[in-house]
Amino acid sequence: VSLVIGHSPVPSLTYSCYTAIVFLLQRDIFPWDLAILLLMALGIGMFILSYAWLKRAERRKRLRRLLIGLFGVLGFVGFLLTAYGSFIEPHMLVTTRAAVAMPLQKPLRIAVISDFHVGLYTGKHDIQRVVERVNAALPDLVLIAGDFIATPESDLALLDPLKSLRSSLGTFAVLGNHDMGLYQTLRGKRMVLADRTEALRNKLKTMNITLLENQRRTLRLPEGVLVIAGVDDPWSGKAEVTRTLEGISNEAAVILLAHNPDVVLDQMSKRANLIVSGHTHGGQFRLPFIGPLAPIPTKLGPKFDQGIFAIDSD
């Protein structure tokens, strides 16, 4: 099986400016916006103060000038990183390709996409770019691993471009914790808000996307039998991995779709030949050689925040 996960060039300057304006006008995330503005102001302020001091004190001690200069450089770098991470990087798509062994006679190409979180920082234009990239990969199968929306107030019309997804075997999806109204703060506190399950169920149906809620679909292909199984998000307490996977023929290839990768902690999940999840956002905030800065909202932890992992069969 060949897995393909998005890629697109850097968005245009015009679109980045538009994103920055919209980004700063959304009431629901104003505290985050304010924090970003303050960080940017602090960084550029450090640079300006440092530059002004160096211009007025050209004959001061070399060590002091070096330290003040370093202070200014750090401020400017902080400003650039904050601006890049807030307004440019979130709108860049990256393609990751990988081959996974499956008990099928011929390979399939599967496109995996997840965690759109439309409504705050992601709009219809972003979804359209994802769809175009997925369709360009000519997938046999498209899997969507949940968290379509960011908040209960998200406009589901922003998901409309998904109706243009194209694949020979169809598009299958599960819901994520945000879709079911389940949230967690940076401090790890759980919150329960409005559940959009019913609205999303109806929306996905109109877009010819098969939503799997502790269900499975069997595809009988020339390459062999392929079972696509999907379970509810574990945070909901409704995930039924055993019931969803039990009774599947040993000859069938099984793909288990679950928003949260913690599904692998259920021993029955080992029946699947491939488990596809989202939720971790690849670590969300990452630094080279350090990894994710923010806590990963899973029991598996930061070691499994992104990538493909082999599960011990014992």
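Residues numbered from 1 in each chain as written. Predicted model: local features only at pLDDT ≥ 70, side-chain atom pairs only at ≥ 80, totals over all residues. Heavy atoms only, no water.

Visitor: Just checking my understanding: could you explain a nonpolar patch on the surface for this structure?
Guide: On the surface, a cluster of nonpolar side chains totalling about 470 Å² of accessible area is made up of Phe47, Ile48, Tyr51, Phe76 and Leu80. Along the chain, the position of Phe76 falls in helix H3 (residues 62-88). A relative accessible area of 33% means that Phe76 is categorised as partly exposed. (Patch = residues over 30% accessible without salt bridge, like charges linked within 9 Å, V, L, I, M, F, W, Y side chains within 5 Å. Areas by Shrake-Rupley, 256 points an atom, 1.4 Å probe, with all protein chains shown as cover. Salt bridge = Lys/Arg side-chain N within 4 Å of Asp/Glu carboxyl O. Helix = DSSP H or I, 4+ residues; strand = E, 2+ residues; numbered from the N terminus. Buried < 20%, exposed > 50% of the residue type's maximum accessible area, 1.4 Å probe, protein only.)

Visitor: Mind showing me how you'd approach the pairing of strand S10 (residues 224-230) here?
Guide: Successive residues of a regular strand alternate their side chains across the two faces of the sheet. With respect to burial, S10 is a largely interior element, five of its seven residues being buried. Relative to S10, strand S9 (residues 215-221) runs antiparallel, the two sharing seven bridges. For Leu219, the partnering residue across the bridge sits in S10 and is Leu226. The turn linking S9 back onto S10 is made up of two residues. Looking at chain direction, S10 and strand S11 (residues 253-257) are connected through five bridges and run parallel. Each residue of the ladder has a partner; that of Leu226, found in S11, is Ala253. (Pairing = 2+ DSSP bridges.)

Visitor: Please clarify how the pairing of S11 should be interpreted in this entry.
Guide: Most of S11 sits out of view: five of its five residues are buried. Where S11 meets strand S12 (residues 274-276), three bridges bridge the pair, whose relative direction is parallel. Within S12, the residue paired with Leu257 across the bridge is Val276.

Visitor: What should I look at first to understand the side chain of Thr197 in this one?
Guide: Take Thr197: it is sitting in helix H5 (residues 197-206). A polar atom in the side chain of Thr197 sits 2.5 Å from the side chain of Asp195. Those residues in contact with Thr197 that sit more than four places away from it in its chain are Leu175, Asp179, Met180 and Glu213. (Polar contact = N/O pair within 3.5 Å; in protein donor to acceptor, adjacent residues only side chain to side chain. Contact = heavy atoms within 4.5 Å.)

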